[in-house]
Amino acid sequence: MYCFYQLIVRIYFLSIRLVAPFNPKAAAWVKGRKGLLKKIEEALKPSSAPATAKKLWWFHCASLGEFEQGRPVIEAIRALHPDIFICLTFFSPSGYEVRKNYQGADLVCYLPEDTPSNAKRLLDLLNPSAVFFVKYEFW
């Protein structure tokens with residue numbers, strides 16, 4: 001089952017790359033992931049991250065609708081725990097492009113392509129104390 005999933009995911013990523021020259025959303029998806037893990041690494045260096053941050057909490061929202069659903073939670077946590085470093089990731093350009101400058105998070109970025117090596121590297125970089133996956137959108 002795992003091999004089948006990886007095959008489908010790789011076909012999906014390839015399809016997005018093939019469509020990107022003709023589709024602005026696919027182009028944003030590809031462009032946003034270029035050098036992504038290196039950018040995350042740079043953003044999390046001690047000189048870049050707030051010196052008072054002791055913990056990192058990671059919020060993942062697939063798209064804008066899920067972000068809007070989780071936003072009150074992010075903002076409540078920020079108000080209660082201003083020392084927490086908040087990382088917000090998106091899968092879709094519809095969320096990232098609209099909220100890439102969201103002030104309620106210390107780092108806003110795309111979720112890397114779903115490969116075992118990317119997942120391991122992302123978790124190693126973030127080393128989150130808590131993870132929140134916002135699921136289901138309201139339309």
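So, a few notes on the structure that sits alongside this text.

Rules used throughout
Residues numbered from 1 in each chain as written. Predicted model: local features only at pLDDT ≥ 70, side-chain atom pairs only at ≥ 80, totals over all residues. Heavy atoms only, no water. Phe/Tyr/Trp six-rings, centres within 6.5 Å; stacked < 30°, edge-to-face > 60°. Helix = DSSP H or I, 4+ residues; strand = E, 2+ residues; numbered from the N terminus. Patch = residues over 30% accessible without salt bridge, like charges linked within 9 Å, V, L, I, M, F, W, Y side chains within 5 Å. Areas by Shrake-Rupley, 256 points an atom, 1.4 Å probe, with all protein chains shown as cover. Salt bridge = Lys/Arg side-chain N within 4 Å of Asp/Glu carboxyl O. Pairing = 2+ DSSP bridges. Axes fitted to C-alpha atoms, helices over the stretch in contact; angles between N-to-C directions. Core = buried A, V, L, I, M, F, W, Y, C linked by side-chain atoms within 4.5 Å. Buried < 20%, exposed > 50% of the residue type's maximum accessible area, 1.4 Å probe, protein only. Contact = heavy atoms within 4.5 Å.

## Thoughts on the packing of aromatic side chains
Here the structure, examined in full by the defined rule, presents 11 aromatic pairs. For the ring pair Tyr12 and Trp29, a centre distance of 6.3 Å and an interplane angle of 90° mean the geometry is edge-to-face. You can see Tyr12 sitting in helix H1 (residues 2–19) and its partner Trp29 sitting in helix H2 (residues 24–33), a full 17 residues away along the chain. Measuring from ring centre to ring centre gives 5.9 Å for Trp29 and Phe91, while their planes differ by 70°; the resulting arrangement is edge-to-face.

## Here we look at a nonpolar patch on the surface
There is a patch of nonpolar side chains on the surface, built from Phe4, Leu7, Ile8 and Ile11 and spanning about 390 Å² of accessible area. Looking at the element boundaries, Ile8 is found in helix H1.

## Things to note about the sheet that holds strand E4 (residues 130–134)
The parallel open sheet is built from 4 strands, whose spatial order is E3-E2-E1-E4. Pairing within the sheet leaves two strands with one partner each, and these edge strands are strand E3 (107–110) and E4. Mean inter-strand twist for the sheet, computed between neighbouring axes without regard to direction, equals 20°.

## Focus: the nonpolar core
General note: in soluble globular proteins, nonpolar side chains tend to be found buried as a group. By size, the foremost hydrophobic cluster in this structure holds 31 residues, and its most contacted members are Ile40, Leu88 and Leu126. If we ignore the near neighbours within four places in the chain, the residues touching Ile40 are Leu107, Cys109, Leu122, Leu125 and Leu126. Residues Val9, Ala20, Ala26 and Val30 belong to the second largest nonpolar core, which totals 7 residues.

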